[in-house]
2 protein chains.
Amino acid sequence: MESALGPRLVRDPDLIAPYARDTSRAVDEGTPLAVVLAESTADVSAALAWADRFGVQVSVRGAGTGLAGGAMAYSGGLVVSVDRMTAILDIDVANRLATVQPGVITADLDAAARRHGLFFPPDPASARMSTVGGNIATNAGGLRCVAHGVTSDAVSALEVVLADGRVMRTGARTRKNVVGYDLTRLFVGSEGTLGVITEATVRLKPVPPGSPRTFRASFPELEDAGRAVTAIVNSAVRPEVLELMDSLSVEIIESFHPSGLTAPAGAMLVGQTVGWDAQVQAETITALCRELGSDDTEISETDALLEARRLSNPALNARGLKISCDVGVPVAALAEVFRGIAQISAQHGKRVSTVAHAGDGNLHSTVESPDTPEGIREADAVIDDITRLALLLGGTISGEHGIGSVKRHELAWQLDPVALDVQRAIKDALDPNGILTPDRAI
Amino acid sequence: MESALGPRLVRDPDLIAPYARDTSRAVDEGTPLAVVLAESTADVSAALAWADRFGVQVSVRGAGTGLAGGAMAYSGGLVVSVDRMTAILDIDVANRLATVQPGVITADLDAAARRHGLFFPPDPASARMSTVGGNIATNAGGLRCVAHGVTSDAVSALEVVLADGRVMRTGARTRKNVVGYDLTRLFVGSEGTLGVITEATVRLKPVPPGSPRTFRASFPELEDAGRAVTAIVNSAVRPEVLELMDSLSVEIIESFHPSGLTAPAGAMLVGQTVGWDAQVQAETITALCRELGSDDTEISETDALLEARRLSNPALNARGLKISCDVGVPVAALAEVFRGIAQISAQHGKRVSTVAHAGDGNLHSTVESPDTPEGIREADAVIDDITRLALLLGGTISGEHGIGSVKRHELAWQLDPVALDVQRAIKDALDPNGILTPDRAI
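Only a predicted model underlies this, so the values are computations on that prediction, with no experimental measurement involved.

Here the focus is the pairing of strand 16 (residues 352-357) of chain A. One face of the sheet, then the other: side chains in a regular strand alternate in exactly this way. Residues and elements named next belong to chain A. Judged by how many residues are buried, strand 16 sits mostly within the fold: six of six residues are covered. Alternating residues of strand 16 divide into Val-352, Thr-354 and Ala-356 and Ser-353, Val-355 and His-357, and every residue in both groups is buried. Two elements, strand 13 (residues 241-246) and strand 16, share two bridges in a ladder whose sense is antiparallel. In the strand pairing of strand 16, Leu-244 is matched with Ala-356. Of the pairings in the sheet, the one linking strand 16 to strand 17 (residues 362-367) comprises six bridges and is antiparallel in character. For Val-352, the partnering residue across the bridge sits in strand 17 and is Val-367. The turn joining strand 16 and strand 17, which pair antiparallel and follow one another in sequence, is formed by four residues; a positive phi near 75° is taken by Gly-361.

Set out below in structure tokens:
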């Protein structure tokens, strides 16, 4: 392998260290043998073929912004990093497609598309740091999902290196394609367990006309805010962003970076409308919110409100708060899940802050608890209860962060034994030696 | 098996015959052993467990409207029909989800949703005859794909019976869900080769406000119509339907069922706009068409124009024309593919009629040729050339009909050997005895 990779095979511990973990709470598994700083599909292929031959465990890494432990290095394993594969290979304006290498920063792809009047719909909060390849490998969500769907909805075709180093193409450049199994979708969200994405053709959309509006509606009662979200989503307006911050979240964000937001007694909805009728849509939404219990609304031409929402993760990190969830519920269950979270919080005697991609029912609740083994155990118990509540309401254990190593114990809460078997059978069929991100995601 | 199924196991040859084939040109493979008229998941499970134990080949059948031979019975095989599983189990208005058995007629689901102000977006031309289960198994397309995507975009969760009779659930009721591999998408479009869909939870959308408009734009030059489609798709308007009929298609449809349409020298675009601004959108589209070469446009409040388009298949069938393709191209390549089809037609000395779901680049070209072995061979050669042209332009061999048995020889034209291997590995992992729709689709 060394002869194939030359200086792109890195074994200096100081240089390896930054590639050994992601942004999750996962515990380090040990020092990897080496990092491959891949610059081409051939590099990735050489690395995997070598690892497969010697049974070396491989972790795959974009920017390492994952929150589920999926990119943590294995002790004695190989890290395959694609963060140097940063070429935007093609922007096909007439067909609204872009072809990129996996290490392109998501916001850079978006910016490149915007120079042609197009944009890249997926918009994870990490878009300025995370890579397109990582977004695809985890099927990342984000703020615009309520309008545009998740990352998988934007992926048209992939080039993938399989565990044994073979290179495969999936998908097509057409909108419709029913040729064999949908391997594109199988690899999107597979969290590095089936192959390494080395190229992606993604769908762009035209930038909406007019100028966007942001809106805010503060609610004395959290449950009313939940009800308002259900009503908005079921109305004729189509917000591009529809987020919720509960009272404690706003406090935490304001104390991290004051922007003049007043924490409501219950919760605050913030969002964005686009198109020629952005103002009318925002007015319709805020009027609906006032009908449903909001006592304070605002419409703005700046996006300061959304910037505040985007500070949620840094603000939580600054407080050392890291025990959180990523559950999803059907959007009509939002009021009920908020009521339940308040009960769980009271039962455990722990404060819980929640931000939500409310328009699609995806919640991130974080538990205030000391960073001690006891405190972490207590916080985990709260998250477990919230997760079971979400499942009870027809929800999911992960809306957008994925399973990685952190949520693996929850898999059997959601998937039946046959589905777990089928996942395993697919994994074994595509990676018979079990080298690719073993013991994670499935 | 007989004890489990009782009278739902049918062996009378006269009763079996209607279940032995689909609507494709595929040649009968012989008489099946029996048909299971399943009324429940348990029936399907019992049938597959039996077939798996004895190595009996199974074909799966909804309404038998497939055009690729996927549901053809096997000689001595078992037909599992789900056409009696017709219950609409739930319409969850607040979450815009419907849960149905697989034998529900697609138009019936749509009608049920409309009673709640919602609709089911997938709209294959066969919607009044085909089943939701069959649409999912083939990832059916249709007229509204340009606005709403394909069937897979509307599927949220499935219940599936595997080859060995085990029952599994996939997916979730939430908009976002990243828990393990996307088994839902793996089964959508798998054409009965991985399991039998016994229940589906699908996404509904709100009926747009206002009343729709249909529009027509006739073009003296076919290539100009192709260019107009590219321009419309890349403009700010969002037609819900955007179809193309070439001159010969209009002639064939008019002679089958006269509705006063004048065949243009080149081609006719017909489509539909919806929403409060349907009229303005239709005017924008027809104005764009006139700029790009249309000499005759029309806007209407009735959908007679679309009805004419929907008669294309019956009209072709009435002439005995059945050698056709289902290729897709990136939408910017439409003008070029039309130019190429004209060349191929001239080279072979065969008249070719083309209708297209133009907005998503999906073409159905049909060859006029005698229904003799020689005539069929000649027509197949024309279709092969059109298919290769589509691939050359970055397209696909099948946009919506699937591979079945009819297009299997074309698979290797599109998929690389590694992708073919991976498809086979997945099939072998999930159906080790190879009983489910063997030797088709992949």
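From this point, the discussion proceeds with the structure in view.
Attention now goes to the sheet that holds strand 3 (residues 58-61) of chain A. Residues and elements named next belong to chain A. The strand order across the open sheet built from four strands is 1-2-4-3, with neighbouring strands paired in mixed fashion. Among the strands making up the open sheet, the edge pair consists of strand 1 (9-10) and strand 3. Where strand 1 lies against strand 2 (residues 34-37), two bridges are found, and the strand directions are antiparallel. Looking at the pairing, Leu-9 lines up with Val-36 of strand 2. Running at roughly 165° to strand 4 (residues 78-81), helix 3 (residues 41-54) makes contact with strand 2, strand 3 and strand 4 of the sheet.

So, about unusual backbone geometry. Residue and element names in this part refer to chain B. Residues other than glycine seldom take positive phi values, yet Thr-437 does so here, at roughly 40°. Assessed through its relative accessible area of 1%, Thr-437 is described here as buried. Positive phi, close to 60°, is recorded for Asp-439, a residue that is not glycine. The topology assignment puts Asp-439 in the segment after helix 16 (417-430). For Asp-439, a relative accessible area of 51% corresponds to the exposed category.

Inspection of every chain in the model, using the stated rule, returns 67 salt bridges over all chains. Arg227(B) serves as the salt-bridge partner of Asp224(B), at 2.8 Å between the closest nitrogen and oxygen. On the criterion of helical spacing, the pair formed by Asp224(B) and Arg227(B) is a turn pair, its members being three residues apart in helix 8 (residues 222-233). Residue Asp224(B) is classed as buried on the basis of its relative accessible area, which comes to 19%. Using a relative accessible area of 40% as the deciding quantity, one classes Arg227(B) as partly exposed. Where Glu368(B) meets Arg319(B), a salt bridge forms, and the shortest distance between an N and an O atom there is 3.5 Å. Of this pair, Glu368(B) sits in the loop between strand 17 (362-367) and helix 14 (373-392) while Arg319(B) sits in the loop between helix 12 (312-318) and helix 13 (334-348), placing them 49 residues apart in sequence. Salt bridges linked by common partners bring Asp123(A), Arg128(A), Glu307(A) and Arg310(A) together as one network.

For these two chain copies, the linking operation is a rotation about an axis paired with a shift along it. It takes a turn of 180° to lay chain B on chain A, together with a shift of 0.0 Å along the axis; the resulting RMSD is 0.0 Å. A rotation of that kind, with that shift, is consistent with a two-fold axis. Most of the interface of chain B is mirrored in chain A: 100% of its interface residues are interface residues there too.

Right, let's get into the packing of aromatic side chains. All names here are of chain A. Scanning all chains against the criterion turns up two aromatic pairs over all chains. Geometrically, the ring pair formed by Trp-50 and Phe-54 is tilted, given 5.3 Å between the ring centres and 45° between the ring planes. Here Phe-54 and Trp-50 lie together in helix 3, a separation of four residues that amounts to about one turn. We classify Phe-54 as exposed; its relative accessible area is 52%. The ring of Trp-413 carries Arg-388 above its face, with NZ or CZ at 4.8 Å from the centroid.

A few words on the state of the cysteines. Disulfides are covalent bonds that connect the sulfur atoms of two cysteines. Applying the stated rule across the entire model yields zero disulfides over all chains. No disulfide involves Cys145(A); its nearest neighbouring cysteine sulfur is the one of Cys325(A), lying 16 Å away.

In this section: the interface of chain B and chain A. Listed as interface residues are 74 residues of chain B and, on the opposing side, 74 residues of chain A. For the pair chain B and chain A, the summed buried surface comes to about 5600 Å²; carbon and sulfur atoms form 60% of the total. Taken as a group, Lys176(B), Val178(B) and Tyr181(B) account for 18% of the area that chain B buries against chain A, more than any other trio of residues on that side. Where chain B packs against chain A, one counts eight salt bridges. Where chain B touches chain A, the interface holds 30 residue pairs in polar contact (both at pLDDT 80 or more). Listing elements by their share of the side of chain B that touches chain A, those giving two or more residues are strand 9 (167-171), helix 7 (183-187), helix 15 (411-414) and helix 16 of chain B. For the side of chain B that touches chain A, the leading source of residues is helix 16 of chain B, giving ten residues. Across the side of chain B that touches chain A, the residue classes tally to 32 nonpolar, 27 polar and 15 charged.

Let's shift gears to the pairing of strand 6 (residues 97-100) of chain A. All names here are of chain A. Of the two faces of strand 6, the one lined by Leu-97 and Thr-99 and the one lined by Ala-98 and Val-100 are each fully buried. Direction of pairing for strand 5 (residues 88-92) relative to strand 6: antiparallel, over a ladder of four bridges. Bridged to Asp-90 within strand 6 is Thr-99. The loop that links strand 5 with its antiparallel partner strand 6 comprises four residues; one of these, Arg-96, has a positive phi angle of about 55°. For strand 6 and strand 10 (residues 195-203), the ladder comprises four bridges, and the chain directions are antiparallel. Bridged to Ala-98 within strand 10 is Val-202.

A few words now on the side chain of Thr354(B). All names here are of chain B. Locating Thr-354 in the fold gives a position in strand 16 (residues 352-357). On the accessibility criterion, Thr-354 (3% relative accessible area) is buried. Separated by 2.8 Å, the side chains of Thr-354 and Ser-365 make a polar contact. Contact partners of Thr-354, with chain neighbours within four places excluded, come to Leu-244, Met-245, Asp-246, Ser-249, Phe-338, Ile-341, Leu-363, His-364 and Ser-365.

About the criteria used
- Residues numbered from 1 in each chain as written.
- Chains lettered and ligands numbered in written order.
- Predicted model: local features only at pLDDT ≥ 70, side-chain atom pairs only at ≥ 80, totals over all residues.
- Heavy atoms only, no water.
- Buried < 20%, exposed > 50% of the residue type's maximum accessible area, 1.4 Å probe, protein only.
- Helix = DSSP H or I, 4+ residues; strand = E, 2+ residues; numbered from the N terminus.
- Pairing = 2+ DSSP bridges.
- Contact = heavy atoms within 4.5 Å.
- Axes fitted to C-alpha atoms, helices over the stretch in contact; angles between N-to-C directions.
- Salt bridge = Lys/Arg side-chain N within 4 Å of Asp/Glu carboxyl O.
- Least-squares fit on C-alpha atoms with pLDDT ≥ 70 in both.
- Phe/Tyr/Trp six-rings, centres within 6.5 Å; stacked < 30°, edge-to-face > 60°.
- Lys NZ or Arg CZ within 6 Å of the ring centre and 35° of its normal.
- Disulfide = S-S within 2.5 Å.
- Buried area = accessible area lost by both parts, 1.4 Å probe.
- Polar contact = N/O pair within 3.5 Å; in protein donor to acceptor, adjacent residues only side chain to side chain.
- Nonpolar A, V, L, I, M, F, W, Y, C, P; charged D, E, K, R; others polar.

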